[in-house]
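What follows is each chain in one-letter form.
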Amino acid sequence: MLNILVTGGAGYIGIHTCLALIEKGYKVFIIDSFVNSSIKSVERLYKVNNEHKNKIYFYKGSLEDKTFLNWVFSDIKNKKLKVDGVIHFAGLKAVEESILEPILYWQSNIVGTLNLLEVMKNNSCKNLVFSSSAAIYESKDNIFLSEKSTTKPINPYANTKLTIETILKDIFNSSRDWKFAALRYFNPIGAH
């Protein structure tokens, strides 16, 4: 059985991802600070998956706190488990707020991700799926986007997403032991 750490796992996309992972038999470790989410989603996850409670572990905290991240990985080791991979949804995400508070976005999104990557490396976990954004693409009307489309972010939020992709590319180029995927999508909507 694989063990997956989901950062921002109490958010809209994160909680649905956790549910899908649990249904497929994974153990899931959720980290969330509740800046963009609520404990209610985690409580619902436990309620819906009552028979799978031993597959769900929750940690409240911020990726900006490296001591907290080290403790999470240590706690997982103390359970005689290891993190096989990370799905990284955590971060600030409001475009307007990013324009008004760019330092807040750079601090949260970049520093949080760098801390996560360092702690992953120190714990021999080198598999990461990153929740990026289609906001990194050049803004043009009536254009179909592909991975080869021009990237040209127009706000601090999108800049942080593209910067993280650049960091991941640099790490991959330094050591092919790392495996990364970046998901560039528009705002999701729907229900489980």
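See the structure shown above.
Reading the values: the criteria
- Residues numbered from 1 in each chain as written.
- Predicted model: local features only at pLDDT ≥ 70, side-chain atom pairs only at ≥ 80, totals over all residues.
- Heavy atoms only, no water.
- Disulfide = S-S within 2.5 Å.
- Buried < 20%, exposed > 50% of the residue type's maximum accessible area, 1.4 Å probe, protein only.
- Pairing = 2+ DSSP bridges.
- Helix = DSSP H or I, 4+ residues; strand = E, 2+ residues; numbered from the N terminus.
- Axes fitted to C-alpha atoms, helices over the stretch in contact; angles between N-to-C directions.
- Contact = heavy atoms within 4.5 Å.
- Polar contact = N/O pair within 3.5 Å; in protein donor to acceptor, adjacent residues only side chain to side chain.

Focus: the state of the cysteines
Applying the stated criterion across every chain yields a total of zero disulfides. Cysteine C125 remains unbridged, with the sulfur of C18 as its closest cysteine sulfur at 15 Å. Among the residues examined, C125 registers a relative accessible area of 1% and is labelled buried.

Things to note about the sheet that holds strand β4 (residues 85–88)
Think of a sheet as strands paired side by side through backbone hydrogen bonds, with each pair either parallel or antiparallel. The strand order across the open sheet built from six strands is β3-β2-β1-β4-β5-β6, with neighbouring strands paired in parallel fashion. The sheet terminates laterally at β3 (56–60) and β6 (179–183), the two strands that pair on one side only. Pairs of neighbouring strands in the sheet enclose a mean axial angle of 15°, with direction left out of account. Bridging between strand β2 (residues 27–32) and β3 involves five bridges; their strand directions are parallel. Each residue of the ladder has a partner; that of D32, found in β3, is K60. Against the sheet, helix α3 (residues 66–78) engages β1 (3–7), β2 and β3, with an angle of about 160° to β3. Across the sheet, helix α6 (residues 156–174) touches β5 (127–131) and β6, and the angle it forms with β5 is around 160°.

Re unusual backbone geometry
A positive phi angle is found at K80, which is not glycine, with a value near 65°. As for its placement among the helices and strands, K80 is situated in the loop between α3 and β4. Although it is not a glycine, S124 sits at a positive phi angle of roughly 55°.

Notes on the environment of S132
If you trace the backbone, S132 turns up in the loop between β5 and α6. The class for S132 is buried, based on a relative accessible area of 3%. With 49 residues separating them along the chain, S132 and A181 place their C-alpha atoms 9.4 Å apart. Discounting residues that sit within four places of it in the chain, S132 has contacts with Y157, K161, E165, A182, L183 and R184. Within the structure, S132 has its side chain in polar contact with the side chain of E165 (distance 2.5 Å).

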